[in-house]
Amino acid sequence: MRDIDLFQMALGLRPPWRVSATEFDPIEKRLDIRLDFPRGSTFSCPECDQDGLKAYDTAEKTWRHLNFFQHEAYLTARVPRTKCDKCGTHLVDVPWARSDSGFTLLFEAMIMTLSKSMPVKTIASFVNEHDTRLWRVLHHYVDDAREKADHSQVKQVGMDETSRRRGHNYVSLFVDLEGPRVLFATDGKDASTVKRFKQDLIDHGGNPGTIEEMCCDMSPAFISGVEKQFPEASVTFDKFHVMKIINDAVDQVRREEFKDRLELKGTRYIWLKNQTNLKESQSELLEQLTIKKLNLKTSRAYHIKLNFQELYQQPTEEAEPFLRKWYFWATHSRLDPIIKAAKTIKSHWDGVLRWFTSKINNGILEGINSLIQAAKARARGYRTKRNLITMIYLIAGKLDFELPT
């Protein structure tokens, strides 16, 4: 079998396209494959698909292809222009590459696959290309897949933010909790992010009126956004964020008491961790510090926290009476941080108790956030907001990229 026939079969070319020549440079470690078509061949208009159009003229183009063993491979072809009565003169579409790309479809599919687990800059070094060119490939496929995404069945949405970089730079995530998948990612964490999500939902076939449940933290911006944009949805405050408020109050009591009680030195995490996660030495120290005769304020705050944790173990009909009793205990504890935390719970009462109906939380978002932060750490950050958001969709959007195989 001739080399030309072998490459013709390997590339899967169909008439009128054919391999006309090959050239291998062992010094440059490069394989060039030239493609052509017979004189008199006809093509379809790339705009209206009208068949039987002859080449008006041609323009030579080159595309990077998958490596041939360890050697870079390139396809070069005379791409015809057709003159259509309806659409005018246009370059025809070639079957091995998309319009305006310098890579073949198979090369782009490889880049998309690798980018889910490798930093783009590392991939760029591996394939000997500038990372900016690879980001253009990622942006194209993610944007195209998102445009086709269907959000018409979404009923439960979780909201949270993830840090974009050090400082006050955030990206807000909106996740289909039944998917689970990232529906929308946008810069910032104010009420306008919810408005942008609503419009994006509509653009993808979703109906804001059919959103039944939304889960978020107690951010006033998120709450305000939901009330304005999704008035028919019920809000559940994420129980992990609710517990964080109580934990922060316990830690504040410890810090204030530490000034007078040096036995609290180095004990921060034993008050914040779940008891099942404590080491044996930490459990022993905790037992010593919670002895009643020590009369530690931190110990009292800790027991109030433990009691609050039992809320989520209560039957639905007993949840509100249990919370009322806890609230009375907390507000009469004479511990200012605990009293403040209890009043925060009181002001968000319905959303805290909504969990017993919806049973949803943002644990899925926490998992997605950890994937995003891991990717960000591997890449040592992203130069632009668009790059980060593209990577979020790539990792957690469950998009159909329709890549060739």
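It should be emphasised that the depicted structure is a prediction, and the values quoted were computed from it without experimental measurement. (Residues numbered from 1 in each chain as written. Predicted model: local features only at pLDDT ≥ 70, side-chain atom pairs only at ≥ 80, totals over all residues. Heavy atoms only, no water.)

1. With respect to the overall build of the chain
Of regular secondary structure, the chain possesses 16 helices and 11 strands. Summarising its shape, the C-alpha atoms of the chain cover approximately 100 × 50 × 35 Å along the three principal directions. Looking at the chain as shown, the accessible area adds up to about 22200 Å², and 49% of this sits on carbon and sulfur atoms. Taking the average location of the 61 positive side-chain charges in the chain and that of its 55 negative ones, the two points are 5 Å from each other. (Helix = DSSP H or I, 4+ residues; strand = E, 2+ residues; numbered from the N terminus. Areas by Shrake-Rupley, 256 points an atom, 1.4 Å probe, with all protein chains shown as cover. Lys, Arg positive; Asp, Glu negative; His and termini not counted. Charge placed at Lys NZ, Arg CZ, Asp CG, Glu CD.)

2. A word on helix α4 (residues 131–148)
Here α4 contains 18 residues, and its C-alpha end-to-end distance of 26 Å stays within 8% of the 26 Å for a straight helix at 1.5 Å per residue. The elements touched by buried residues of α4 are α2 (105–115), α3 (120–127), β9 (181–187), α5 (191–203) and α16 (385–396). (Expected span 1.5 Å × (residues − 1). Contact = heavy atoms within 4.5 Å.)

3. Observations concerning the pattern of salt bridges
This model, assessed by the stated rule, comprises 20 salt bridges. Salt-bridge contacts for R30 lead to D32; the nearest nitrogen and oxygen are separated by 2.8 Å. Taking the shortest distance from any N to any O, the salt bridge between R383 and D131 comes out at 3.0 Å. With a gap of 252 residues between them, R383 in the loop between α15 (363–379) and α16 and D131 in helix α4 connect regions that are remote in the sequence. One network of salt bridges, with partners in common, ties together D251, R254, R255 and R268. (Salt bridge = Lys/Arg side-chain N within 4 Å of Asp/Glu carboxyl O.)

4. Remarks on the side chain of S115
Tracing the backbone through its elements, the reader meets S115 in helix α2. Using a relative accessible area of 2% as the deciding quantity, one classes S115 as buried. Residues within four places of S115 in sequence aside, it is in contact with I123, L138, M391 and L394. (Buried < 20%, exposed > 50% of the residue type's maximum accessible area, 1.4 Å probe, protein only.)

5. Observations regarding the environment of V235
Within the secondary structure layout, V235 lies in strand β11 (residues 234–237). Residue V235 is classed as partly exposed on the basis of its relative accessible area of 22%. Not counting chain neighbours up to four residues away, the residues in contact with V235 comprise M214, C216, V226, G351 and R354.

6. Some points on the packing of α3 against α4
Here α3 crosses α4 at 115°, and the two axes come no closer than 9 Å. In terms of crossing hand, the pair formed by α3 and α4 is right-handed. Residues V120, K121, I123, A124 and V127 of α3 form the contact with α4, whose own contacting residues are D131, L134, W135 and L138. Per-class residue counts for the contact of α3 with α4 are 7 nonpolar, no polar and 2 charged. (Axes fitted to C-alpha atoms, helices over the stretch in contact; angles between N-to-C directions. Left-handed = near helix turned anticlockwise from the far one by under 90°. Nonpolar A, V, L, I, M, F, W, Y, C, P; charged D, E, K, R; others polar.)

7. A closer look at the pairing of strand β2 (residues 30–36)
Counting buried positions over the 7 residues of β2 gives 5, a clear majority of the element. In this sheet, β2 lies alongside strand β1 (residues 18–25) in antiparallel orientation, the contact comprising 7 bridges. Following the sheet pairing, R18 is matched in β2 by D36. Hairpin remark: β1 followed by β2, antiparallel, with 4 residues in the connecting loop; positive phi at K29, about 55°. When β2 meets strand β5 (residues 71–84), the two strands line up parallel, connected through 6 bridges. Bridging from a neighbouring strand, L31 pairs with A73 of β5. (Pairing = 2+ DSSP bridges.)

8. Regarding the packing of helix α11 (residues 316–331) against helix α12 (residues 336–347)
Direction vectors running N to C along α11 and α12 enclose 150°, while the axes themselves pass 8 Å from each other. Between α11 and α12, the angle falls in the class roughly antiparallel. Crossing of α11 against α12: the hand is left-handed. Where α11 approaches α12, its residues L323, W326, Y327, A330 and T331 are matched on the opposing element by I338, I339, A342, K343, I345 and K346. A per-class count over the contact of α11 with α12 returns 8 nonpolar, 1 polar and 2 charged. (Parallel < 35°, antiparallel > 145°, perpendicular 65-115°, else oblique.)

9. Observations regarding α2
Each α-helix winds once per 3.6 residues, and so residues spaced three or four apart point in a common direction. Those residues of α2 lying buried are F107, E108, A109, I111, M112 and S115. At its buried positions, α2 is contacted by β4 (53–68), α3, α4 and α16.

10. Description of a negative patch on the surface
A contiguous patch of negative charge, built from E47, D49, D51 and D93, is present on the exposed surface. Looking at the element boundaries, D93 is found in the loop between β6 (88–91) and α2. (Patch = residues over 30% accessible without salt bridge, like charges linked within 9 Å, V, L, I, M, F, W, Y side chains within 5 Å.)

11. Comments concerning the packing of aromatic side chains
On inspection of all chains with the given rule, the structure shows 20 aromatic pairs. Ring geometry for F174 and F197: centres 4.6 Å apart, planes at 5°, overall stacked. Remark: F197 occurs in helix α5 and F174 occurs in strand β8 (residues 169–176); sequence separation between them is 23 residues. Through successive ring pairs, a cluster of aromatic residues spans W17, F37, F43, W63 and W96. Residue placement shows K189 over the ring face of Y170; its charged tip is 4.1 Å from the ring centre. (Phe/Tyr/Trp six-rings, centres within 6.5 Å; stacked < 30°, edge-to-face > 60°. Lys NZ or Arg CZ within 6 Å of the ring centre and 35° of its normal.)

12. Points about unusual backbone geometry
The residue after P15, namely P16, is reached through a cis peptide bond having omega 10°. Here the amide bond leading from G179 into P180 is cis, since omega sits at -20°, within 30 degrees of zero. Unlike most non-glycine residues, R334 shows phi in positive territory, near 60°. Mapped onto the elements, R334 comes out in the loop between α11 and α12.

13. Thoughts on the environment of Q314
Structurally, the position occupied by Q314 is in the loop between α10 (297–309) and α11. Among all residues touching Q314, those that are not within four sequence positions of it are A319, F322 and F356. Only 2.9 Å separates the side chain of Q314 from the backbone oxygen of E310, close enough to count as a polar contact. (Polar contact = N/O pair within 3.5 Å; in protein donor to acceptor, adjacent residues only side chain to side chain.)

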